[in-house]
Amino acid sequence: MLKSVPMKRFFLATPRRYEDQVIENLGALGSVQLITDYTIKGFKKVDNVERCEKYVKLQQRIASVLSALPREKVAKKSLPLTLKESFSKMICKEASLEASLEEIESYVSKIESTLDEELGRLEKLRSELNRLKVLEESLAILQKYGLRVDAFGDFEYSFVKAGFMNKALSPKLQRYAEGTSVKYTRQPVKREEDFIVIMGLNQDRPRMEEALTLLNFAELAFPKDIDSDPEKALKQTKTSAAEMEERILEIENSLRAIGKEFQERSVNYEPVVRRALTVEEARSTFSRTETVSLVHGWIPAARQESLEKVVQASTHGAAFLKFEDPCPDEKPPVRLRNPMIMRSFEVLTRLRGIPDYSELDPTPIVTVLFTVMFGMMFGDVGQGIVVLIMGVIFTRLQRGFLNIPAGGVRRLGGILVMCGISATFFGFLYGEIFLSEALHPIFGSPIHTMTTIIIVSLLFGVAQLTLGIIIKIVNLIRIKATVEAAFGGVRLAYYITGVALAVKFTGNMSFTVFSENLWLTIIAVALLCLLFLSPTLEGILKHEFKFGEGIMMGAAEFIETFLSYLTNSVSYVRLAAFAIAHSALGLSAVILTESIGGLTSFVAMNLLAMTIEFLGVLIQCMRLTYYEFFTKFYSGKGNAFLPFSLPKIHVRIK
């Protein structure tokens, strides 16, 4: 449970004629990770980059078509309906794989061509419709003020213009019109624009056109064949716009029909392309000669016999298969194995990286420590049961909820279930239920036994840090780093000695404790000095001695050990602090009873605890796990086991 799944490296050589069958059956087995870091003389890597790119582009083309097609409007769902759907399972059926890749590519090309043509027509019609709408607006203004279309333009001796200008700029027009024959009228027609009609002699037109350009004057323009009567022209324009809207609607309906058909087909087509791409990616790990294909990778040791049977069935016994244990300098992929109740906590481990193959998997330990810390800080029977119920609900969700994938929600639910149980247990110890001391405490209320809860928190921290140092030593022993493991033992001895001195110091709060316990003090100082010299001694033992570098690293090791162990230990006081704060919310509710009522005050404080304090406790649990605990032993430099798999493709049905 604390160790990852044992791995075996395998080497497979098969006649090339069986290569496709081998790939299919390895994908169906779903237990091997194929890798490309090995080949032998005479073999060449399979060059199928172009084929992979072809399938990738085909996937992108399908996605591009789907994104370009107009979508049906989806009505917003109520929260109860969303919850109901989240608890209902997706019904799946196996997708058809009968279509060939050539048929799929031909169909996609046909749809792309049709789509380009129809979207081009649609864009032109919408542009024309926008022009007609603008013309309608202009004609409506002319009709409102009794102006004719033919009243505007350039005449033999004069000019007349009409258009819109920003209200902030239109007053400046007077300055340009002064001293000229130009006259104008200004009418407010929009919130930010004025409708302006300008007339004047042609001799002043160049100056006014330059001024109008500076003032961002938007001149009205009318088609040459439009009726001069704005009322008739408006009717004609509205008729043309209505006809244009009908044509646009026809094209949109046609596109929706195309889109519906394409979506139905792409449900089957896209998985076929994805499967073909996966096969080619697996093929790229192979090496070949003219007659033989070679591949190698990793497989869990327990699945060795299954692979032998698959290879035998795929090649009729014509293949060569060899297994080897990992070499000490290799980094096999890591596959964690934890009981169901602990798998939810794997997400906390993975957030700091995958454990190395030689490292212990801390997930089972994190499960226990995380839940205990949560319960210590959030001990309350009533609120613990609420957290437990929330967790159970989340573990039952079958679909994503609030943009969180279903798998993530279920993992969060598993964590909340364990935290809820822990909070309920500690609630009985503290005698608290919904912030009220309604139960007889087994241990004692944190706010009434502050000293005791602080001592317990510190002892818990000491135990957790000691466990972290021990795990570090075990990990070093597993990789046969005996020198480093020995100095890890020195750190453990120093920490235990330091804790013993700290306990004696807190008894009388006098520095005379160090002279009274002289042997402990001498041992602690000697161990610190040994840690200071540890980089130098390691260099000498490994024949890599560098005096200056060793001294610098030793000084850093000395400061790190002395300060970090002290601060990390004291940091666990936060367990007591949050437990006391939780109890204090109950006292706050009692104090507020006289002003806002007993029930209201307790409801308000419980809501505060279930939101802000609940999140704060989760954050503190993660901080103590990652910063205080994981930093003592965890590297997180492993590689996740990613098996090659070709599962049956299913289609989801709502």
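Coordinates for the structure precede this section.
Residues numbered from 1 in each chain as written. Predicted model: local features only at pLDDT ≥ 70, side-chain atom pairs only at ≥ 80, totals over all residues. Heavy atoms only, no water.

**Q** I'd like a description of the environment of M7, backed by residues and values.
**A** Along the chain, the position of M7 falls in strand β1 (residues 7-15). Take M7: its relative accessible area is 2%, and that puts it in the buried class. Taking the C-alpha atoms as reference, M7 lies 7.3 Å from P326; in sequence the two are 319 residues apart. In this view, M7 contacts W298, I299, P300, A301, P326, P332, P333, R335, Y357 and F641; residues no more than four positions away in its chain are not counted. (Helix = DSSP H or I, 4+ residues; strand = E, 2+ residues; numbered from the N terminus. Buried < 20%, exposed > 50% of the residue type's maximum accessible area, 1.4 Å probe, protein only. Contact = heavy atoms within 4.5 Å.)

**Q** A description of the packing of aromatic side chains should follow, citing residues and the corresponding values.
**A** All chains considered together, the criterion is met by 19 aromatic pairs. Centre to centre, the rings of F425 and F426 are 5.5 Å apart; their planes meet at 85°, and the pair counts as edge-to-face. With centroids separated by 6.1 Å and ring planes inclined at 50°, the aromatic side chains of F426 and Y430 adopt a geometry described as tilted. With a gap of four residues between them, F426 and Y430 both fall in helix α13 (residues 406-430), about one helical turn apart. The pair formed by F426 and Y430 is uniform in burial state, with each residue classed as buried. Grouping aromatic residues by their ring pairs yields a cluster made of Y626, F629, F630, F633 and Y634. In this structure, R265 packs its charged tip against the face of Y107, placed 4.4 Å from the ring centre. (Phe/Tyr/Trp six-rings, centres within 6.5 Å; stacked < 30°, edge-to-face > 60°. Lys NZ or Arg CZ within 6 Å of the ring centre and 35° of its normal.)

**Q** I'd like a rundown of the packing of helix α11 (residues 363-377) against α13, residues and numbers included.
**A** α13 packs onto α11 with a crossing angle of 45° between their chain directions and a minimal axis gap of 7 Å. Considered as vectors, α11 and α13 are oriented oblique to each other. Here α11 and α13 pass one another in a crossing that is right-handed. Residues T367, F370, T371, V372, F374, G375 and M376 of α11 form the contact with α13, whose own contacting residues are I415, M418, C419, S422, A423, F426 and Y430. Class assignment for the residues of the contact of α11 with α13 results in ten nonpolar, four polar and no charged. (Axes fitted to C-alpha atoms, helices over the stretch in contact; angles between N-to-C directions. Parallel < 35°, antiparallel > 145°, perpendicular 65-115°, else oblique. Left-handed = near helix turned anticlockwise from the far one by under 90°. Nonpolar A, V, L, I, M, F, W, Y, C, P; charged D, E, K, R; others polar.)

**Q** Describe the pairing of strand β6 (residues 158-166), with residues and values.
**A** Among the nine residues in β6, seven count as buried, and that is most of the element. Bridge count between strand β5 (residues 153-154) and β6: two bridges; the pairing is antiparallel. Following the sheet pairing, D154 is matched in β6 by F159. As consecutive antiparallel partners, β5 and β6 are separated by three residues. Strand direction decides the pairing type here: β6 and strand β9 (residues 218-219), joined by two bridges, are antiparallel. When the bridges of β9 are listed, F164 appears paired with A218. (Pairing = 2+ DSSP bridges.)

**Q** Got a sec to walk through the environment of P446? Specific residues and values, please.
**A** Structurally, P446 can be placed in the loop between α13 and α14 (450-478). Expressed as a C-alpha distance, the spacing of P446 and H582, which sit 136 residues apart in the sequence, is 8.6 Å. The residues touching P446, leaving out its near neighbours within four places in the chain, are Y430, E432, I453, A579, I580 and S583.

**Q** Can you explain the nonpolar core? Please cite residues and give values.
**A** One finds F370, M373, F374, F378 and L575 to be the most contacted residues of the largest nonpolar core, which totals 60 residues. Once residues within four sequence positions are removed from consideration, M373 is found in contact with F460, Q464, Y572, L575, C621, L624 and T625. Among the nonpolar cores identified, the runner-up in size contains 29 residues, and I111, L129, L132 and I251 belong to it. (Core = buried A, V, L, I, M, F, W, Y, C linked by side-chain atoms within 4.5 Å.)

**Q** Run through the pattern of salt bridges, naming residues and quoting values.
**A** If you walk through the whole model with that rule in mind, you get 27 salt bridges. Between E261 and R265 there is a salt bridge whose closest N-O contact spans 3.5 Å. Residue E261 and its partner R265 are located together in helix α7 (residues 230-283), separated by four residues, close to a single helical turn. Linked by salt bridges that have partners in common, E19, D20, R51, E280, R283 and R288 make up one network. (Salt bridge = Lys/Arg side-chain N within 4 Å of Asp/Glu carboxyl O.)

**Q** Give a detailed account of a nonpolar patch on the surface, specifying residues and quantitative values.
**A** A cluster of nonpolar side chains, L530, L533, L537 and I540, forms an exposed patch at the surface whose accessible area comes to about 290 Å². Examined against the element boundaries, I540 turns out to sit in helix α17 (residues 518-541). (Patch = residues over 30% accessible without salt bridge, like charges linked within 9 Å, V, L, I, M, F, W, Y side chains within 5 Å. Areas by Shrake-Rupley, 256 points an atom, 1.4 Å probe, with all protein chains shown as cover.)

**Q** How would you summarise the packing of helix α19 (residues 573-596) against helix α20 (residues 598-629) if you had to cite specific residues and measurements?
**A** Packing of α19 against α20 leaves a shortest axis separation of 9 Å and a crossing angle of 165°. One element, α19, and the other, α20, form an angle in the roughly antiparallel class. Seen from above, α19 lies across α20 with right-handed handedness. For the contact of α19 with α20, a count of residues per class yields 13 nonpolar, nine polar and three charged.

**Q** Describe the side chain of T363, listing the residues and the values that go with them.
**A** Residue placement: T363 occurs in helix α11. When residues no more than four places from it in sequence are discounted, the contact partners of T363 are L336, N338, M342, F345, E346 and T349.

**Q** Summarise helix α15 (residues 482-508); cite the residues concerned and give the values.
**A** Since the α-helix turns once every 3.6 residues, residues separated by three or four places project in the same direction. Between its first and last C-alpha, α15 extends 40 Å over 27 residues, near the 39 Å set by a 1.5 Å rise per residue. Within α15, burial applies to V483, E484, A485, F487, G488, V490, R491, L492, Y494, Y495, T497 and L501. Backbone geometry just downstream of α15 places M509 in the positive-phi region, at approximately 50°. (Expected span 1.5 Å × (residues − 1).)

**Q** Before we move on, can you summarise unusual backbone geometry with the specific residues and values?
**A** In this structure, N216 takes a positive phi of about 55° despite not being glycine. Summarising the element assignment, N216 is placed in the loop between α6 (205-214) and β9. Phi is positive for H316, which is not a glycine, with a value near 55°. On the basis of relative accessible area, H316 is assigned to the exposed category, the value being 62%.

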